[in-house]
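A look at the structure
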Amino acid sequence: MTREERIEQLYMRNRTGIVMLIGTFLIGLAGGLWLFTGGAYEQIAAFVFFFVVALPLGFVAWRKTRTLLTFNEDKRYRRWIRFKGLLNIVLLFGMMGMMSLFASGLVPLSLFTGTVVSLAIGFLLIEMVIDRRLLQIDDEHVVDSLIGLTKRERMKRHWEEE
């Protein structure tokens, strides 16, 4: 499968309207809970972040991993793709856990900030190494920056056509 075909398949899998519908429903639910129960702002913010951001992004990361696994049958490639997908999901929920600990007052701001920045920088470096290894195994591997560039080019062409 060529790189262009892979990009097309990844691009088509990322477009989903049900995630937006569920997200809108959950934002409305959180607003209703906050309005009628007088809940704390931090609790509602954590609820909204978890159900509107963390779960949909976790689902998108899982779907992307499943799609990437279909591109190559090599065991090394599949192992690195699984590791990358697991890393994405663990980082997402790790950030969610840190935000919950900070919102509950168990973690001071300095520790929260240092941990989140360290996790983000470490994640970017590890992902760069994983992508480099994947490109060594499969020349047609699609890195995340290429997907983003393709999306921007398509949006640009769409706007120019209007």
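Look up: the structure comes first, before these words.
Not measured: the values here are computed from a predicted model. (Residues numbered from 1 in each chain as written. Predicted model: local features only at pLDDT ≥ 70, side-chain atom pairs only at ≥ 80, totals over all residues. Heavy atoms only, no water.)

Quick look at the side chain of His141 now. Positionally, His141 belongs in the loop between α5 (109-137) and α6 (144-161). Of the polar contacts made by the side chain of His141, one reaches the side chain of Tyr77; its length is 3.1 Å. Looking at His141, its side chain comes within polar contact range of the side chain of Asp131, at 3.4 Å. (Helix = DSSP H or I, 4+ residues; strand = E, 2+ residues; numbered from the N terminus. Polar contact = N/O pair within 3.5 Å; in protein donor to acceptor, adjacent residues only side chain to side chain.)

Turning our eyes to something else, we now look at the environment of Leu57. The topology assignment puts Leu57 in helix α3 (residues 41-69). Along the sequence, Leu57 and Phe93 sit 36 residues apart, while their C-alpha atoms lie 10.0 Å from each other.

In this structure, the largest pocket occupies an estimated 400 Å³ of space. What lines the largest pocket is a set of 18 residues, and nearest its centre among them are Leu57, Val60, Ala61, Lys64 and Asn88. (1 Å grid on protein atoms, 1.4 Å probe; cavity = no way out; pocket = protein on both sides within 12 Å on 5 of 7 lines; lining within 4 Å. Points joined across faces, edges and corners; volume = space filled by probe spheres on them.)

This paragraph deals with the nonpolar core. Formed by 20 residues in total, the largest nonpolar core has its most connected members in Leu10, Leu68, Tyr77 and Ile81. Of all the secondary-structure elements, those providing two or more residues to this core are α1 (3-14), α3, α4 (75-104) and α5. For Leu10, the residues in contact, after removing those within four places along its chain, are Lys64, Thr67, Leu68, Phe71, Val142 and Ile147. (Core = buried A, V, L, I, M, F, W, Y, C linked by side-chain atoms within 4.5 Å. Buried < 20%, exposed > 50% of the residue type's maximum accessible area, 1.4 Å probe, protein only. Contact = heavy atoms within 4.5 Å.)

Tallied over the entire structure, the rule returns two aromatic pairs. Considering the side-chain rings of Trp80 and Phe83, the 6.1 Å spacing of their centres and the 80 degrees angle between planes classify their relative orientation as edge-to-face. Taken together, the residues Trp80 and Phe83, both in helix α4 and three residues apart, mark about one turn of the helix. We classify Trp80 as partly exposed; its relative accessible area is 22%. Given the relative accessible area of 39%, Phe83 is considered partly exposed. (Phe/Tyr/Trp six-rings, centres within 6.5 Å; stacked < 30°, edge-to-face > 60°.)

Further remarks concern a nonpolar patch on the surface. Together, Val117, Ile121, Leu125 and Met128 line one region of the surface with nonpolar side chains, adding up to about 360 Å² of accessible area. Mapped onto the secondary structure, Ile121 falls in helix α5. Judged by relative accessible area, which is 47%, Ile121 ranks as partly exposed. (Patch = residues over 30% accessible without salt bridge, like charges linked within 9 Å, V, L, I, M, F, W, Y side chains within 5 Å. Areas by Shrake-Rupley, 256 points an atom, 1.4 Å probe, with all protein chains shown as cover. Salt bridge = Lys/Arg side-chain N within 4 Å of Asp/Glu carboxyl O.)

The next thing to look at is the pattern of salt bridges. Scanning the model with the defined rule gives two salt bridges in all. For Arg76, the salt bridge identified is with Asp74, shortest N-O distance 3.4 Å. Of the residues examined, Arg76 reaches a relative accessible area of 44% and is grouped as partly exposed. On the basis of relative accessibility, which here comes to 26%, the residue Asp74 falls in the partly exposed class. A salt bridge links Asp131 to Lys84, with the shortest nitrogen-to-oxygen separation between them at 2.7 Å. Remark: Lys84 occurs in helix α4 and Asp131 occurs in helix α5; sequence separation between them is 47 residues. Residue class for Asp131 comes out buried when judged on its relative accessible area of 10%.

Our next topic: α5. Three- or four-residue spacings in an α-helix give side chains the same orientation, since the helix completes a turn every 3.6 residues. Here α5 spans 42 Å end to end across 29 residues, near enough to the 42 Å set by a 1.5 Å rise per residue. The set of residues buried in α5 consists of Phe112, Val116, Phe123, Glu127, Ile130, Asp131, Leu134 and Ile137. Looking at the buried residues of α5, the elements they touch are α4 and α6. (Expected span 1.5 Å × (residues − 1).)

To continue, consider the environment of Phe51. Mapped onto the secondary structure, Phe51 falls in helix α3. Looking at Phe51, the relative accessible area reads 28%, which means it is partly exposed. Residues Phe51 and Ile27, 24 residues apart in the sequence, show an inter-C-alpha distance of 8.5 Å. When residues no more than four places from it in sequence are discounted, the contact partners of Phe51 are Leu26 and Pro56.

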